[in-house]
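# Architecture and fold: a report
Take a look at the letters that make up each chain.
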Amino acid sequence: MTQRIVVTGGAGYIGSHVCVELLASGRDVLIVDDFSNSHQQAVARIEELAQRGVECLKADLADAAQKNAIVNRIKTFGADGAVHLAGLKAVGESVAQPARYYQTNIGAALTLIEALGAANARSVVFSSSATVYGDLNDNPVTEEGRTGATNPYGRTKLFIEEILKDVARANDQWGVANLRYFNPVGAHASGRIGEDPNDTPNNLFPYIAQVAVGRRKKLSVFGNDYDTRDGTGVRDYIHVVDLARGHVAALDYLSDGERGAVDVNLGTGRGYSVLEAVAAFKRASNRDIPYDVVPRRDGDIAEIYANASKAKKLFGWSAKKDLDAMCADHWRWQRENPNGYNE
Ligand code: UFG
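Presented here is a report on the structure given in the accompanying data block. (Residues numbered from 1 in each chain as written. Predicted model: local features only at pLDDT ≥ 70, side-chain atom pairs only at ≥ 80, totals over all residues. Heavy atoms only, no water.)

### Digging into the packing of helix H7 (residues 204-212) against helix H9 (residues 274-285)
Keep this limit in mind: Convention adopted: a line fitted to C-alpha atoms gives each axis, helices being fitted over their contacting stretch, and angles between N-to-C directions are expressed from 0 to 180 degrees. Only runs of H or I of at least four residues qualify as helices and only runs of E of at least two qualify as strands under DSSP, and these elements are numbered from the N terminus. Throughout this description, any angle smaller than 35 degrees is read as roughly parallel, any larger than 145 degrees as roughly antiparallel, any in the 65 to 115 degree range as roughly perpendicular, and the remainder as oblique. Take the far helix as your reference; a near helix turned counterclockwise from it by less than a right angle gives a left-handed crossing, and one turned clockwise gives a right-handed crossing. Every residue pair with non-hydrogen atoms within 4.5 Å of one another is taken to be in contact. Just so you know the grouping, Ala, Val, Leu, Ile, Met, Phe, Trp, Tyr, Cys and Pro go in nonpolar, Asp, Glu, Lys and Arg go in charged, and all remaining residues, Gly too, go in polar.
Relative orientation of the contacting elements H7 and H9 amounts to 40°, with a least axis distance of 11 Å. On the basis of their axis angle, the class for H7 and H9 is oblique. Both H7 and H9 take part in a crossing whose hand is right-handed. On H9, the residues touching Leu204, Phe205, Ile208, Ala209 and Ala212 of H7 are Val274, Ala277, Val278, Phe281 and Ser285. Taken together, the residues that form the contact of H7 with H9 break down as nine nonpolar, one polar and no charged.

So this is what it looks like as structure tokens:
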């Protein structure tokens, strides 16, 4: 029988790619998104790429007044499971507005858990983050590494992982996959969906892409005095389509009847420095990417990359696309949609 999957935050950057891969795997999708940091246009493009329709509910999972309507819709949809991506995700903002971050991110997760319970659907794939590891582990980081997020945003990820584990402990019908993303970049190879940040990008790739396309003058490189090979920060960049395929693999794993909760890294296992990423993007775009080195950004760590072997072992999944593909696809999206979805 066709599986029916709720995708919260399904119109967002990662969510839109997850929807396309879920639809390609033959599943039906209900997007629940409040469109606070995503675009209606993304839903149309998901349908265009998948060549079929999705259901879509515009709603805020963290709003108590909307809870009953959301629970009922997920029940009526006949959900078999969910991919939970909805949430606030700006690190700096979370430091300034912690209560809002806890209320929104944890509230949304609790509403989803209630709705899945009501729908008798007990498989959840959760969008967690490598940020849960803080700066406490040697690289490459395994899932057994110590956790300890360094800001409220990261702590919401850690707390939701723990909540889902408690739910799975309390009732052995639940299956939970906490996916710890490393640094998702790139875009669908069609150039039709991609990352479209509301304001000034916080993250490296969208910033580089906006410099390359001429929307911003210069990149600021946050520090070149780290203990890394060229002094700039090292991260495990992963192509968003590989990441999206990881969600399908996780759902396949849960659909095979695996219950209980697992934490799984989604990364490539390779780290690249900021300057290596800039050089690769320059090659892919054939544009100049001027930059200044500025002081370190508060809260940044020198280096983190994944041990990605658990995803391979449990899900049979591994990342396929290299840094050049990430840059080429990110650039195609930016070049063909210089103002994102607001054409
Ligand atoms: N960087 C710059 N200039 C920029 C932006 C980033 O030099 O304008 C550097 C950072 O210092 C870091 C690297 O590029 O070395 C990557 O930075 P990103 O902001 O793209 O990614 P982070 O690793 O900081 O962020 C990721 C996730 C967040 C998560 C965070 C936790 O995107 O969701 O890890 O640290 F919270």
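Still more to cover.
### Some remarks on helix H2 (residues 40-50)
Think of an α-helix as 3.6 residues a turn; residues three or four steps apart then line up on the same face. Put simply, the rule reads: For every residue, the accessible area (1.4 Å probe, protein chains only) is compared with the maximum for its type, and the residue is labelled buried under 20%, exposed over 50%, or partly exposed between those bounds. The arc in question is formed by the directions pointing from the helix axis toward the C-beta atoms.
Regarding H2, the residues found buried are Ala42, Val43, Arg45 and Ile46. Here the buried residues of H2 occupy an arc of 165° about the axis, which is enough to place them on one side. The elements touched by buried residues of H2 are helix H1 (13-24), strand S2 (28-33), strand S3 (55-58) and helix H11 (323-336). Looking one or two residues beyond H2, the residue adopting positive phi is Gln51, at roughly 60°.

### Some points on the packing of aromatic side chains
Rules: The criterion for an aromatic pair is that two Phe, Tyr or Trp rings (for Trp, the six-membered ring) have centres within 6.5 Å, with stacked assigned to planes under 30 degrees apart, edge-to-face to planes over 60 apart and tilted to the rest.
In total, this model carries seven aromatic pairs according to the counting rule given. Geometrically, the ring pair formed by Phe205 and Tyr237 is tilted, given 5.1 Å between the ring centres and 50° between the ring planes. Highlighted residues: Phe205 in helix H7 and Tyr237 in strand S10 (residues 237-239), separated in sequence by 32 residues. Given the relative accessible area of 4%, Tyr237 is considered buried. For the pair Phe205 and Phe281, a centre-to-centre distance of 6.1 Å together with 75° between the ring planes defines the contact as edge-to-face. Of the two residues, Phe205 is situated in helix H7 and Phe281 in helix H9; the sequence distance between them amounts to 76 residues. Considered together, Phe205 and Phe281 belong to a single accessibility category, that of buried residues. An aromatic cluster of at least three residues, connected via ring pairs, comprises Phe205, Tyr237, Phe281 and Trp331.

### Remarks on unusual backbone geometry
Glycine aside, residues mostly have negative phi angles, and peptide bonds mostly take the trans form. Residues Asn139 and Pro140 are joined by a peptide bond in cis, for which omega reads -5°. Among the secondary structure elements, Pro140 is positioned in the loop between strand S5 (123-129) and helix H6 (152-170). In the Ramachandran plot, Gln51 falls in the positive-phi region, its phi being about 60° despite a non-glycine side chain. Structurally, Gln51 can be placed in the loop between H2 and S3.

### Looking at the site of the ligand
Selection rule: By convention in these notes, a residue is near a molecule or strand provided one of its non-hydrogen atoms lies within 4 Å of it. Side-chain atoms alone can form a polar contact between residues adjacent in sequence; in general such a contact is a pair of N or O atoms within 3.5 Å, and within protein one must be able to donate a hydrogen while the other accepts it. Surface accessibility follows the Shrake-Rupley procedure with a 1.4 Å probe radius. Residue values consider only the protein chains on display as shielding.
In the vicinity of the ligand lie 17 residues, with Leu204, Ser220, Arg235, Arg297 and Asp300 positioned nearest. The side chain of Tyr153 places a nitrogen or oxygen atom 3.3 Å from an oxygen atom of the ligand. In the model, an oxygen atom of the ligand is placed 3.0 Å from a nitrogen or oxygen of the Asn183 side chain. Computed on the free molecule, the ligand has an accessible area of 680 Å², of which 87% lies beneath the protein chains in the complex.

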